[in-house]
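Structural description and commentary
Listed below are the residues making up each chain.
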Amino acid sequence: MCNGAHNDMYGYVKEMLAENDIAATKNKSFPFRRRSEHIWRVVKWTERLIDGNGISGAIDTDSLLAAAVFHDSGYAISIDGSRHAANSAVFFDRYVAEKGLACGNYDFTRYLISNHSNKYMMDDGDTPTELVTLMEADLLDETGAMSIVWDCMMEGGQDEQSFLKTYRHMESFSGDMLENNPMKTKKAREIWAGKQDLYREFLRHLAYDLAVGD
């Protein structure tokens with residue numbers, strides 16, 4: 001790692017996001033979402049996958065965790081989502097320069113940050129395990145139980161609200177998540193499958209409670 005603790009890196013990213021008023025996303029439908037909270041959860045998902053897959057001694061863990069901290073930091077520069085990965089790499093450059101860090105794994109960390117949005121690379125057998133793990137961690141956040149809460153909170157902010165409307169929304173937007181498992185590593189696939197089971201069971205209970213189809 002660049003001789004800096006991940007907690008210190010996260011503190012820097014969180015502060016910069018807040019200073020630039022990007023801590024919260026700008027979508028009015030999701031006022032509850034915090035960019036810095038998403039980043040921290042991705043760090044924790046990354047740690048879980050490293051441990052769960054038993055790969056801590058076989059990969060560049062320091063670069064991977066640093067990349068997880070900085071993967072969405074580019075929103076502190078611009079809210080343009082199409083360029084946020086490239087901007088995040090620039091933001092990582094700033095951090096290294098400001099802190100005067102010596103980074104033997106600088107180029108690889110920057111590579112991970114720059115490519116984390118290229119999810120098609122998960123299907124390439126030559127993609128480094130570190131990048132696959134980072135992309136899995138990014139996708140695992142805000143799914144399953146969190147996506148259920150997300151939909152309820154979002155629907156609660158709409159002008160028209162009802163239990164049935166919320167159920168229909170969840171039913172409509174859950175298809176891809178329930179039908180496909182995009183994860184590649186063993187632990188990530190197990191976690192995603194568990195999220196699918198939870199979501200299916202929740203929808204089944206909600207439909208029964210609302211007498212949908214009766």
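All values reported here derive from a predicted model rather than from experimental measurement. (Residues numbered from 1 in each chain as written. Predicted model: local features only at pLDDT ≥ 70, side-chain atom pairs only at ≥ 80, totals over all residues. Heavy atoms only, no water.)

**Here we look at the pattern of salt bridges**
Think of it this way: side chains of opposite charge can pair up when their charged atoms draw near. To keep it simple, the criterion reads: In what follows, salt bridge is the name for a side-chain nitrogen of Lys or Arg lying within 4 Å of a carboxyl oxygen of Asp or Glu. The helix and strand labels rest on DSSP assignments: H or I over at least four residues marks a helix, E over at least two residues marks a strand, and numbering proceeds from the N terminus. Burial classes follow relative accessibility: with a 1.4 Å probe on protein chains only, a residue under 20% of its type's maximum area counts as buried, one over 50% as exposed, and anything between as partly exposed.
This model, assessed by the stated rule, comprises twelve salt bridges. The shortest N-O distance in the salt bridge between glutamate 155 and lysine 165 comes to 2.6 Å. One end of the pair, glutamate 155, is in helix H7 (residues 145–156); the other, lysine 165, is in helix H8 (residues 163–173), with ten residues separating them in the sequence. A relative accessible area of 26% places lysine 165 in the partly exposed class. Connected via shared salt-bridge partners are Arg33, Arg41, Asp141 and Glu142.

**So, the packing of aromatic side chains**
Quick reminder of the rule: Two aromatic rings from Phe, Tyr or Trp, using only the six-membered ring of Trp, form a pair when their centres are within 6.5 Å; if the ring planes differ by under 30 degrees the pair is stacked, by over 60 it is edge-to-face, and anything between is tilted.
Summed over all chains, the structure comprises nine aromatic pairs. Taking the centre distance of 6.3 Å and the plane angle of 50 degrees together, the rings of phenylalanine 70 and phenylalanine 91 count as tilted. With phenylalanine 70 in helix H3 (residues 61–70) and phenylalanine 91 in helix H4 (residues 84–99), this pair connects stretches of sequence that are 21 residues apart. With respect to class, phenylalanine 70 is no different from phenylalanine 91; both count as buried. Arranged with centres 5.2 Å apart and planes meeting at 55 degrees, the rings of phenylalanine 70 and tyrosine 95 form a pair that is tilted. Residue phenylalanine 70 is located in helix H3, and its partner tyrosine 95 is located in helix H4; the two are separated by 25 residues in the primary sequence. Of the two residues, phenylalanine 70 and tyrosine 95, neither departs from the other in class, the shared state being buried.

**A closer look at the environment of aspartate 62**
Looking at where aspartate 62 falls in the secondary structure, it is placed in helix H3. For aspartate 62, a relative accessible area of 33% translates into the label partly exposed. Along the primary structure aspartate 62 and alanine 5 are separated by 57 residues, whereas in three dimensions their C-alpha atoms are 9.5 Å apart.

**Focus: the confidence of the model for the protein**
Definition in use: The predictor rates its confidence in each residue with pLDDT, a number between 0 and 100.
On average, residues of the protein carry a pLDDT of 90, and 92% of them reach 70 or more. Across the protein, the element-wise mean pLDDT spans from 88 in helix H1 (residues 6–19) up to 98 in helix H6 (residues 129–140).

**A few points about the packing of H1 against helix H2 (residues 35–52)**
For any two helices packed against each other, the geometry comes down to the angle between their axes and how far apart the axes lie. Short version of the rule: Only the stretch in contact is used when fitting a helix axis, every axis being a line fitted to C-alpha atoms; angles between N-to-C directions are given from 0 to 180 degrees. If an angle is under 35 degrees, it is roughly parallel; if it is over 145, roughly antiparallel; if it lies from 65 to 115, roughly perpendicular; otherwise it is oblique. Left-handed is the label given to a crossing in which the near helix is rotated counterclockwise from the far helix by less than a right angle, and right-handed is the label when the rotation is clockwise. Working rule for contacts: check all heavy atoms of both residues, and any pair within 4.5 Å makes them a contact. Note that Gly is not counted as nonpolar here; it falls among the polar residues with everything else outside the nonpolar set of Ala, Val, Leu, Ile, Met, Phe, Trp, Tyr, Cys and Pro and the charged set of Asp, Glu, Lys and Arg.
Where H1 meets H2, the closest approach of the two axes is 9 Å, and the angle between their N-to-C directions is 160 degrees. Relative to H2, H1 is oriented roughly antiparallel. Seen from above, H1 lies across H2 with right-handed handedness. Taken together, the residues of H2 that come into contact with H1 (itself represented by Asn7, Tyr10, Val13, Lys14 and Leu17) are Arg35, Ser36, Glu37, Ile39 and Trp40. In terms of residue class, the contact of H1 with H2 is built from five nonpolar, two polar and three charged.

**A word on H1**
Note the cut-off: To estimate how far a helix should reach, multiply one less than its number of residues by 1.5 Å. This arc is built from the directions going out from the helix axis to the C-beta atoms.
Its 14 residues place the ends of H1 20 Å apart at the C-alpha level, agreeing with the 20 Å of an ideal helix rising 1.5 Å per residue. For H1, the set of buried residues is His6, Met9, Tyr10, Tyr12, Val13, Met16 and Leu17. Viewed end-on, H1 has its buried residues packed into an arc of 160 degrees, placing them on one side of the element. Along H1, exposed side chains directed more than 90 degrees from the buried face belong to Asn7, Asp8 and Glu19. For H1, the elements touching its buried residues are H2, H3 and H4.

**Side note on unusual backbone geometry**
Even without a glycine there, the phi angle at glutamate 142 is positive, about 65 degrees. With respect to the helices and strands, glutamate 142 occurs in the loop between H6 and H7. For alanine 211, which is not a glycine, the phi torsion comes out positive at approximately 60 degrees. Along the chain, alanine 211 turns up in the segment after helix H10 (186–209). Overall, alanine 211 belongs to the partly exposed group, its relative accessible area being 39%.

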